[in-house]
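A structural walkthrough
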Amino acid sequence: MTSDPDSRVALVIEDDADVRQLLVMTLGMNGFTTLEAENGRQGVALVRERQPDLVTLDLNLPDIDGVEVCRQIRPLTDAYVIMITARQDEIDRLIGLEIGADDFVVKPFSPREVGARVNAMFRRPRSTVRSVSQPLLGTGSDAGEAPQVTSTTTVVAPEQVEGLLIHGPISIDTEGRIAMLDGVELPLTRIEFDLLATLVSGPRRVWQRETLLARIWGDGWVNDQHLVEVHIRNLRKKLGEDTKAPRFIRTVRGVGYRMMPPSAD
């Protein structure tokens, strides 16, 4: 991915000429050099040839649909991918397919909304693990227990072994972006990896949904808490979680999530 903001390239894969031109104009105003594709096959070829930094991808394309295009380009690029869909109710289904998209925009959309979401994504670093020397919001042991604000509780940092974050059977290589469970690599999307690394970085902290949104998706996402819930659900599935008796991620009702103690394994 290009690090220079002045040389970032965006690819718009969209069969509707009016929508395509709107996206091209919007991304151009946000500093991108833009490429265009009218169908999925053209889009896959351009991703392979030009290695864009951002791809906007319509769900309903005339040849192969956006889901299949996303599956084909993911092994080719680490570009941010925004899926464009005509219906709000399709977003849950798309995220559930774990296709590797970073965000979803519903038609009709405003250029300002698209620009804000794109800028937020590019402000988000690849690895979101940060200092955990922050006060806890609460560490109740039950999923439904109301949290209590505590200013004197010491956050216990995860075990560090040769550059890895270790939490029980979970090990995370933040630089290599590899997460392992019981010695087996987890097939995590970019967002799932960032969520897990963030949770493990402060294993006894209760992470508010708003905080996770700001750290992983960027500023200005406080009204999109549903994104956190859906990606946490997918992450739990890949961790083999039993939602009635969680092994790793505990829901703190009304607040967010925290890691279960390693000794609970």
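Placed above this text is the structure.
In short, a report on the structure. Within every chain, residues take consecutive numbers counted from 1 along the sequence as written. Thresholds applied to this predicted model are a pLDDT of at least 70 for local features of residues and 80 or more for the giving and counting of side-chain atom pairs; totals over whole chains, interfaces and linings are not thresholded and use all residues. Excluding hydrogens and water, the side-chain values take into account all heavy atoms of the structure.

A few words on the overall build of the protein chain. Looking only at helices and strands, one finds eight helices and 13 strands in the protein chain. Between buried and exposed lies partly exposed: a residue is buried under 20% and exposed over 50% of the maximum accessible area for its type, with that area taken using a 1.4 Å probe on protein chains only. A buried classification covers 51% of the 265 residues belonging to the protein chain. Only the protein chains shown count as cover for residues, with accessible areas throughout obtained via the Shrake-Rupley method and a probe of 1.4 Å. For the protein chain, the exposed surface amounts to about 12,300 Å²; the carbon and sulfur share of it is 49%. A run of DSSP states H or I qualifies as a helix once it reaches four residues; a run of E qualifies as a strand once it reaches two. Both are numbered from the N-terminal end.

Any carboxyl oxygen of Asp or Glu that lies within 4 Å of a side-chain nitrogen of Lys or Arg is treated as forming a salt bridge with it. Summed over all chains, the structure comprises 13 salt bridges. When the shortest N-O distance is used, the salt bridge between R209 and E229 registers 3.5 Å. Of the two residues, R209 is situated in helix α7 (residues 209-217) and E229 in helix α8 (residues 225-238); the sequence distance between them amounts to 20 residues. Under the relative-accessibility criterion, R209 is labelled buried at 11%. Among the charged side chains, a network of salt bridges with common partners joins E14, D58 and K107.

Regarding helix α3 (residues 66-73), the residues found buried are G66, V67, V69, C70 and I73. The buried residues of α3 occupy an angular sector of 160° when the element is viewed end-on, so they sit on one face. Side-chain atoms alone can form a polar contact between residues adjacent in sequence; in general such a contact is a pair of N or O atoms within 3.5 Å, and within protein one must be able to donate a hydrogen while the other accepts it. Among the residues of α3, the N-terminal cap falls to D65, whose side-chain oxygen and the backbone nitrogen of V67 are separated by 3.2 Å. Taking the helix axis as origin, the arc is that swept by the directions to the C-beta atoms.

A word on α7. The buried fraction of α7 amounts to seven of the nine residues, a majority that puts the element mostly inside the structure. The complete set of buried residues in α7 reads R209, T211, L212, L213, R215, I216 and W217. By definition in these notes, contact holds between two residues if any of their heavy atoms fall within 4.5 Å. Looking at the buried positions of α7, the neighbouring elements they touch are α5 (111-123), α6 (190-201), β11 (207-208), α8, β12 (249-252) and β13 (256-259). In the segment just after α7, G218 is the residue with positive phi, at about 110°.

To continue, consider the sheet that holds strand β3 (residues 54-58). Sheet strands associate in pairs through backbone hydrogen bonding, adopting either a parallel or an antiparallel arrangement. For two strands to be treated as a pair, DSSP must find at least two bridges joining them. Pairing in this open sheet of five strands is parallel, and the strands run β2-β1-β3-β4-β5 from one edge to the other. Each end of this open sheet is capped by a strand with a single partner; those strands are β2 (33-37) and β5 (103-106). With strand direction ignored, the average angle separating the axes of adjacent strands in the sheet is 20°. In the sheet, strand β1 (residues 9-13) pairs with β3 via four bridges, with the strands oriented parallel. Pairing of L11 across the sheet is with V55, part of β3. All axes here are fitted lines through C-alpha atoms, helices being fitted over the stretch that makes contact, and every angle between N-to-C directions spans 0 to 180 degrees.

It is worth spelling out the nonpolar core at this point. Of all hydrophobic cores here, the largest spans 28 residues; its most connected members are I170, I172, L195, L196, W217, L239 and I249. Contributions of two or more residues to this core are made by β8 (170-173), β9 (178-181), α6, α7, α8 and β13. The element that contributes the greatest number of residues to this core is α6, accounting for seven residues. Not counting the four nearest positions on each side in its chain, I170 is found in contact with L165, M180, L181, L196, L239, F248 and M259. Buried residues of nine kinds, namely Ala, Val, Leu, Ile, Met, Phe, Trp, Tyr and Cys, make up a nonpolar core once their side-chain atoms join them within 4.5 Å.

The subject of this paragraph is the sheet that holds β11. With antiparallel pairing, three strands are arranged side by side in an open sheet as β11-β13-β12. Looking at strand neighbours, the two that pair on one side only are β11 and β12, the edges of this open sheet. With two bridges joining them, β11 and β13 adopt antiparallel strand pairing. Each residue of the ladder has a partner; that of Q208, found in β13, is G256.

Quick look at the environment of P52 now. With respect to the helices, strands and loops of the structure, P52 is situated in the loop between α2 (40-50) and β3. Judged by relative accessible area, which is 2%, P52 ranks as buried. As a C-alpha pair, P52 and V12 span 40 residues in sequence and 10.0 Å in three-dimensional space. Setting aside anything within four residues of it in sequence, one finds P52 in contact with V9, A10, L11, L46, V47, T77 and A79.

Now for the pairing of strand β4 (residues 80-85). Within β4, six of the six residues are buried, which leaves the element mostly enclosed by the surrounding structure. Relative to β4, β3 runs parallel, the two sharing five bridges. The residue of β4 that forms the bridge with L54 is Y80. Look down the strands so they point away from you; if going from the first strand over the helix to the second traces a clockwise path, that crossover is right-handed. In this fold, β3 hands off to α3, which returns the chain to β4; that crossover is right-handed.

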